[in-house]
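Observations on chain architecture
Chain by chain, the residues:
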Amino acid sequence: MCELFSKLFRNKHLIILLFSLIFLLILVWTTLGSRDLTWPEKFIKDSTSMIQGIIYKPANAIAGFFQDMYQFSLIFKENKALKSSLSQYSQVIAELNQLRAENKKLKEMLGYKEKAMNQYQLKMAKVISRSPDRWNNMLVIDQGQKDGIQKGMAVITTKGLIGKVYHVSNFSSTVQLISDSEHGGFIFAAIQSNPQAYGVIDGYDVTKNELRLTKIELDVKLEPGQLVTTSNLGGTFPNGLVIGKIVRVEEGENGFTKTAYVKPEANLYHIDYVFVVQKTIEKEGE
């Protein structure tokens, strides 16, 4: 008999099976009826509950962690998608506003061209470059010799004169602005006074945005608000192109003439589109 038990205890599989059956019987027994539990049953039940609690809490925490990470991932993706949509929306709005402004400008130029078609032959051009260090001197337009542009032609906006063509290449032209005081560029001007008076624009005050109109006869009556236009006396510009309005008058050099300061009607800072005055209808008729 002893030898039999010795062989049984040497067999580990049988021992494990035996203890498993005993443990199973105890669990089944604890589920039967509402009787009081014995201390071995209480010990086993408490041990089982404790082990379940120890295992459950970390498992629940890990499961919650992965659930939170999953939710965070979803929120992050949604946030990224919303930012992308908002960025695209902002870009579309910016482009739309730019197109609206450009469309408004082109409509304004078309209306001006239709009104001026009985006086001037105009060629519309777009400003393609402007040097920051020569902002008040020159700009480049996208029309050149192939488009009929010639040196010396007047360049205007819908508000008034801005300059003249200074240099022409095949596909573009350089425009000298009336605010350019470095390269001469005198402009013979007519003052809409009674009787009409004349002068020469020969300078520009950058800080005040004023053109200097000199060599005006001393007896001419000048007042702020009087309109100043181009005169063909110099042979460069046609008659009647608006330059600006007088803002103040001073005594000229040596007291023999007057000097007036004129604020340009055209915006010389923001220039997107211009007209080149190719010829006047009046001259063509003559």
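Above this text sits the structure in question.
One structure accompanies this document, and this report is about it. Here the residue index of a chain counts from 1 through its sequence in written order. Under the rules for a predicted model, residues below a pLDDT of 70 receive no local features and side-chain atom pairs below 80 are neither given nor counted, while totals for whole chains, interfaces and linings still include all residues. To get the side-chain values, take all heavy atoms of the structure and skip hydrogens and water.

1. So, a nonpolar patch on the surface
Defined as follows: Like-charged residues are merged into a patch within 9 Å and nonpolar side chains (Val, Leu, Ile, Met, Phe, Trp, Tyr) within 5 Å, provided each residue has over 30% relative accessible area and no salt bridge. Using the Shrake-Rupley algorithm and a 1.4 Å probe, accessible areas are obtained, with residue cover drawn only from the displayed protein chains. Whenever a carboxyl oxygen of Asp or Glu lies within 4 Å of a side-chain nitrogen of Lys or Arg, that contact is scored as a salt bridge. Only protein chains enter the calculation, and the probe is 1.4 Å; a residue is then buried if its accessible area is under 20% of its type maximum, exposed if over 50%, and partly exposed in between.
Taken together, the side chains of Leu-86, Tyr-89, Ile-93 and Leu-96 make up a nonpolar region of the molecular surface, amounting to roughly 380 Å² of accessible area. Looking at Leu-86, the relative accessible area reads 54%, which means it is exposed.

2. Some details on the pairing of strand E10 (residues 242–251)
As a reminder of what qualifies: Criterion used throughout: strands pair if DSSP finds at least two bridges between them. A run of H or I in DSSP becomes a helix once it reaches four residues, and a run of E becomes a strand once it reaches two; helices and strands are each numbered from the N terminus.
Relative to E10, strand E9 (residues 227–230) runs antiparallel, the two sharing three bridges. Bridge pairing links Leu-227 to Lys-245 in E10. Here E10 runs beside strand E11 (residues 257–264); their pairing, made up of seven bridges, is antiparallel. Within E11, the position partnered with Ile-246 by the bridge is Val-262. In this structure, the hairpin formed by E10 and E11 is closed by a connection of five residues, where Asn-254 is found at a positive phi of approximately 65°.

3. Things to note about the environment of Ser-181
With respect to the helices, strands and loops of the structure, Ser-181 is situated in the loop between strand E5 (173–177) and strand E6 (187–191). Classification of Ser-181 as partly exposed rests on a relative accessible area of 48%. Taking the C-alpha atoms as reference, Ser-181 lies 6.2 Å from Tyr-204; in sequence the two are 23 residues apart.

4. A word on the packing of aromatic side chains
Heads up, the condition is: Pairs were defined over the aromatic rings of Phe, Tyr and Trp, the Trp ring being its six-membered one, requiring ring centres within 6.5 Å. Orientation was assigned from the angle between planes: stacked under 30 degrees, edge-to-face over 60, tilted for the rest.
For the structure shown, the criterion picks out two aromatic pairs. Consider the rings of Tyr-112 and Phe-275, whose centres lie 5.9 Å apart with planes at 20°: the pair is stacked. With a gap of 163 residues between them, Tyr-112 in helix H3 (residues 39–116) and Phe-275 in strand E12 (residues 273–280) connect regions that are remote in the sequence. The class for Tyr-112 is partly exposed, based on a relative accessible area of 23%. Residue class for Phe-275 comes out buried when judged on its relative accessible area of 1%. When the centroid spacing of 5.3 Å and the interplanar angle of 45° are considered together, the rings of Trp-135 and Tyr-269 count as tilted. Of this pair, Trp-135 sits in the loop between strand E1 (120–129) and strand E2 (138–141) while Tyr-269 sits in the loop between E11 and E12, placing them 134 residues apart in sequence. Judged by relative accessible area, which is 26%, Trp-135 ranks as partly exposed.

5. Looking at the nonpolar core
Selection criterion: Only buried residues count toward a nonpolar core, which is a set of Ala, Val, Leu, Ile, Met, Phe, Trp, Tyr and Cys residues joined through side-chain atoms within 4.5 Å. Contacts between residues were defined by any pair of non-hydrogen atoms, one from each residue, lying within 4.5 Å.
Leu-161 and Leu-213 are the most contacted members of the largest nonpolar core, which has 45 residues in total. At five residues, E12 tops the list of elements feeding residues into this core. Discounting residues that sit within four places of it in the chain, Leu-161 has contacts with Ala-154, Val-155, Ile-156, Ile-178, Ile-187, Thr-230, Phe-237, Leu-241, Val-242, Ile-243 and Ala-266.

6. Concerning the pattern of salt bridges
Scanning the model with the defined rule gives five salt bridges in all. The partner of Asp-147 in a salt bridge is Lys-146, with the nearest N and O atoms 3.0 Å apart. Put simply, Glu-210, Arg-248 and Glu-250 are held in one network by salt bridges that share partners.

7. A closer look at the sheet that holds E2
Just so we agree on the cut-off: Every axis corresponds to a line fitted to the C-alpha atoms, with the helix fit spanning only the stretch in contact, and the corresponding angles, defined between N-to-C directions, vary from 0 to 180 degrees.
Judged by pairing direction, the barrel is antiparallel, and its six strands sit side by side in the order E1-E2-E5-E4-E3-E12 before closing back on the first. Across the sheet, the mean angle from the axis of one strand to that of its neighbour is 45°, orientation sign disregarded. As judged from the three bridges shared by strand E3 (residues 154–156) and strand E4 (residues 161–168), these two strands associate in the antiparallel manner. Counted as the bridge partner of Ile-156 is Leu-161 from E4.

8. Overview of the side chain of Ser-173
So the rule is basically this: In protein, a polar contact requires one atom able to donate a hydrogen and another able to accept it; more generally it is a pair of N or O atoms within 3.5 Å, and residues adjacent in sequence count only if both atoms are side-chain atoms.
Its location among the elements puts Ser-173 in strand E5. A polar atom in the side chain of Ser-173 sits 2.7 Å from the backbone oxygen of Gln-143. The residues touching Ser-173, leaving out its near neighbours within four places in the chain, are Leu-139, Val-140, Ile-141, Gln-143, Gly-144, Ile-149, Val-165, His-167 and Val-168.

9. Concerning the sheet that holds E9
The sheet built from six strands closes into a barrel, its strands ordered E6-E7-E8-E11-E10-E9 with antiparallel pairing. Within this sheet the neighbouring strands show an average axis-to-axis angle of 45°, counted without direction.

10. Observations concerning the pairing of E12
Counting buried positions along E12 yields seven of eight residues, so the element is predominantly enclosed. Pairing geometry for E1 and E12, over seven bridges, is antiparallel. Paired with Tyr-120 across the two strands is Thr-280, which belongs to E12. Where E3 and E12 come together, three bridges link them in antiparallel fashion. Residue pairing for E12: Ile-156 is matched across the bridge by Phe-275.

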